[in-house]
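For reference, the chains in residue letters:
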Amino acid sequence: MQLFIDTANLKEIEEFCHCPYVKGVTTNPSLIAKEGRSQEEAIRTIAQLIDGPISAEVTATDLDGMLLQAEKLHAIKPENIVVKLPMTAAGLEACRLLADRRIPTNVTLCFSLSQALLAFESKATYVSPFLGRLDDNGWDSARLIEEIVRVKRNYGYPTKIICASIRSVQHVETCALLGADIATVPYKVLTKLLSHPLTESGLLSFAKDAEKTRNV
Ligand code: E4P
C-alpha cells in the first residue's frame, strides 16, 4: 500500500518528500486555508517540492465552474496534478468528462459503498473514503473499506482507493490489511509509523555493545 502525506504545510512536505515511502500529497481547501495561502498558489508551491501525484481540490460547485478550475489546476503540472472533485452529481459528471480528457481525478468525501460505486462507474482515477470522520460519527470505517475493496475486486475497477481522514497508526495498518491501494496520512501520524519502543531500546543496547568492542 502506498503512503501519501495529507497536508498543505510546506515544512511537513519538505520533511517527507525525499523519504523512500511517501509517494504523493493530498490537500483540501481547509488544509490550504490553515496555511493562509490562496488555493492556486499553494498548489503551485507544493508542485515544485514533490514529484508524485498531488490532489488539488476544486472549490466550484457547478459543472462548468469545476471543469474550468480543473483545467487550470491541471495545467500547473500536468504530470502530477490530480483534480479532486466532490461526491456530488456535478462532481461525478465532471469526473467522467475529465477522464475523457485524460485528466486524473480523485472523488473526495466518500462515506458509503454506493458512493464509491458511483465514483468507480464515473471513471475516477482515485476515490477517497474518509475513515476518521466516519468513526467520529459512530460508523465502522474498517467495514466500509473492506466492502469498497471487495466491490473493486469483484468487477476489476481500475480506480485506486485512497483512505483519507486517517487519525492513527492503527487506521493505516487496517487499510493495509484490508487491501486499500493508498493511505493519505497527516504529518503527526506519519511520524509515528516508524517508531516502536523495542526498536529504540534495541538500538541503544546495540550502540552500547558496539562501543565495548571498539578497541578490540
Ligand atoms: C483527504 O484527502 C482529506 O484531505 C483529509 O484526509 C480530511 O481529513 P480530516 O477528516 O482529518 O479533515
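All figures in this text were calculated on a predicted structure; none of them were measured in a lab.

K.L.:
Explain the packing of aromatic side chains to me, please; I cannot follow it from the model alone.
P.N.:
Aromatic rings considered in pairs are described by the distance between their centres and by the relative angle of their planes. Counting across every chain of the model gives 5 aromatic pairs. Between Phe16 and Tyr187, the aromatic rings sit 5.8 Å apart at their centres with planes inclined by 75°, giving edge-to-face as the arrangement. One end of the pair, Phe16, is in helix 1 (residues 10-16); the other, Tyr187, is in helix 10 (residues 187-193), and 171 residues separate them in sequence. By relative accessible area, which is 6% here, Phe16 ends up buried. Ring geometry for Phe111 against Phe130: centres 5.5 Å apart, planes inclined by 55°, an arrangement best described as tilted. Pair noted here: Phe111 is in the loop between strand 5 (105-110) and helix 6 (113-121) and Phe130 is in the loop between strand 6 (126-129) and helix 7 (131-136), with a separation of 19 residues, a long-range link. The partly exposed category is assigned to Phe111, whose relative accessible area is 31%. Residue class for Phe130 comes out buried when judged on its relative accessible area of 7%. Grouped by ring-pair contacts, the aromatic residues Phe16, Tyr21 and Tyr187 constitute a single cluster.

K.L.:
Would you take a moment to explain the layout of surface pockets for this structure?
P.N.:
Any empty space left between the atoms is revealed when a probe the size of a water molecule rolls over them. Looking at the largest pocket, its volume works out to about 480 Å³. What lines the largest pocket is a set of 24 residues, and nearest its centre among them are Asp6, Leu31, Lys34, Arg167 and Pro186. Of all the elements in the fold, those that place two or more residues in the lining of the largest pocket are helix 2 (29-34) and helix 10. Here the residues of the lining of the largest pocket are counted per class, giving 8 nonpolar, 8 polar and 8 charged.

K.L.:
Help me understand the pattern of salt bridges in this model?
P.N.:
Where charged atoms from two side chains of opposite charge come close, those side chains can pair. Under the defined criterion, the tally for this structure stands at 13 salt bridges. Linking Glu147 and Arg143 is a salt bridge whose minimum nitrogen-to-oxygen distance equals 3.1 Å. One end of the pair is Glu147 and the other is Arg143, both in helix 8 (residues 141-155) and 4 residues apart, which spans about a single turn. For Arg214, the salt bridge goes to Glu211, with nearest N and O atoms at 3.1 Å. Among the charged side chains, a network of salt bridges with common partners joins Glu40, Arg44 and Lys72.

So, how was this worked out
- The written sequence of each chain sets the order in which its residues are numbered from 1.
- Given that the model is predicted, a residue must reach a pLDDT of at least 70 before its local features are reported, and side-chain atom pairs must reach 80 or more before they are shown or counted; all residues, however, enter totals for whole chains, interfaces and linings.
- To get the side-chain values, take all heavy atoms of the structure and skip hydrogens and water.
- Centres within 6.5 Å make a pair out of two Phe, Tyr or Trp rings, where for Trp the six-membered ring is used; the pair is then stacked when the planes are under 30 degrees apart, edge-to-face when over 60, and tilted otherwise.
- Starting at the N terminus, helices and strands are each numbered in turn, a helix being any DSSP run of H or I of at least four residues and a strand any DSSP run of E of at least two.
- Under the scheme applied here, a residue whose accessible area is under 20% of the maximum for its type counts as buried, over 50% as exposed, and between as partly exposed, the area being computed with a 1.4 Å probe on protein chains only.
- Buriedness of a pocket was judged along seven lines, with at least five required to meet protein on both sides within 12 Å; pockets are open sets of points on a 1 Å grid over the protein atoms alone, cavities are sets where a 1.4 Å probe fits but cannot get out, and lining residues have an atom within 4 Å of a point.
- Grid points are joined across faces, edges and corners, and a volume is the space filled by probe spheres set on the points.
- In the scheme used here, Gly and all other residues not listed as nonpolar or charged are polar, with Ala, Val, Leu, Ile, Met, Phe, Trp, Tyr, Cys and Pro taken as nonpolar and Asp, Glu, Lys and Arg as charged.
- Salt bridge, as used here: a side-chain nitrogen of Lys or Arg that lies within 4 Å of a carboxyl oxygen of Asp or Glu.

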